[in-house]
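Okay, here's what each chain looks like letter by letter:
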Amino acid sequence: MNQSTWDLFLSSLGPIVLGAVTGTIPLALVSFAVGLALALVLALMRLSRRRWISSIARVYISIVRGTPLLVQLFVIFYGLPSLGVLIDPWPSAVIAFSVNVGGYAAEVIRAAILSVPKGQWEAAYMIGMSHRRALTRIILPQAARVSVPPLSNTFISLVKDTSLASLILVTELFRQAQQVAAFSQEFMLLYLEAALVYWVICLVLSSVQGVLETRLDRYVAH
């Protein structure tokens, strides 16, 4: 690596990291929070004894899991305007990512709820708890501990998927790298630099996930 290439690497690192801090991470956090709330609703719908409610959730999950995220993003940003619905790039990305997370995380949450022994339900009913109270006070806290590892993996994947938002002009990590690359014509260097930043972010998130899982394991053990 010659001096000019090294200088470009260092000078572009700031804008790329700034794109991660102001674009990628907030986009991932907001989308994951909204998607998680949607996933909880869908999981409870899937567990409903009313077949039509369960069927609605099943169809939604099937569509989301059976279509590419990029297509979902383009339908929202480029497709909806043909119906007279105009949404700015950032909200479009949040909607697309939230819808996608909801479809995948719903099955994780549903499986976590089903993993809680039925005796927990029976014990809750015996002390006079309603179904809703038993769910919120007894079942969901236990299910949350079980769902932490797969949901953490979902969030890490989402952080990487936010790079797709650059295709609808959302200013985030990869978009910043594209802009610098277009100006400097050093595409290989800038894209590898973006990959390096993504990798570091995912390493940090994986470390946080490991610490969280360890603490939850200790809590369960006691």
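Residues numbered from 1 in each chain as written. Predicted model: local features only at pLDDT ≥ 70, side-chain atom pairs only at ≥ 80, totals over all residues. Heavy atoms only, no water.

Under an unreviewed UniProt entry, the chain has the name Amino acid ABC transporter permease and belongs to Cryobacterium mannosilyticum. UniProt, in its Sequence similarities (unreviewed entry) section for the chain, records the words "Belongs to the binding-protein-dependent transport system permease family." UniProt, in the comment section headed Subcellular location (unreviewed entry), describes the chain in these words: "Cell membrane". (UniProt positions renumbered as here; feature names shortened; annotations may be inferred.)

S.K.: How would you summarise unusual backbone geometry if you had to cite specific residues and measurements?
M.R.: Even without glycine at this site, Leu 169 takes up a positive phi of about 70 degrees. Of note, Leu 169 is situated in the loop between α6 (131-161) and α7 (173-184). Judged by relative accessible area, Leu 169 falls into the exposed class, the value being 53%. A positive phi angle is found at Gln 185, which is not glycine, with a value near 65 degrees. Its location among the elements puts Gln 185 in the loop between α7 and α8 (187-221). (Helix = DSSP H or I, 4+ residues; strand = E, 2+ residues; numbered from the N terminus. Buried < 20%, exposed > 50% of the residue type's maximum accessible area, 1.4 Å probe, protein only.)

S.K.: Any chance you could break down the pattern of salt bridges for me, citing the residues and the numbers?
M.R.: Counted by the stated rule, this structure contains two salt bridges. For Arg 46, the salt bridge goes to Glu 107, with nearest N and O atoms at 3.4 Å. Highlighted residues: Arg 46 in helix α1 (residues 3-46) and Glu 107 in helix α4 (residues 89-115), separated in sequence by 61 residues. For Arg 110, the salt bridge identified is with Glu 107, shortest N-O distance 3.2 Å. One end of the pair, Arg 110, and the other, Glu 107, are both in helix α4, three residues apart, so they sit about a helical turn from each other. Ionic contacts of the salt-bridge type, sharing partners, join the residues Arg 46, Glu 107 and Arg 110 into one network. (Salt bridge = Lys/Arg side-chain N within 4 Å of Asp/Glu carboxyl O.)

S.K.: Before we move on, can you summarise the UniProt feature "domain: ABC transmembrane type-1" (unreviewed entry) in the chain with the specific residues and values?
M.R.: The UniProt feature table records "domain: ABC transmembrane type-1" (unreviewed entry) at residues 21-209. Along residues 21-209 one finds 82% helix and 0% strand; the C-alpha atoms at either end are 19 Å apart.

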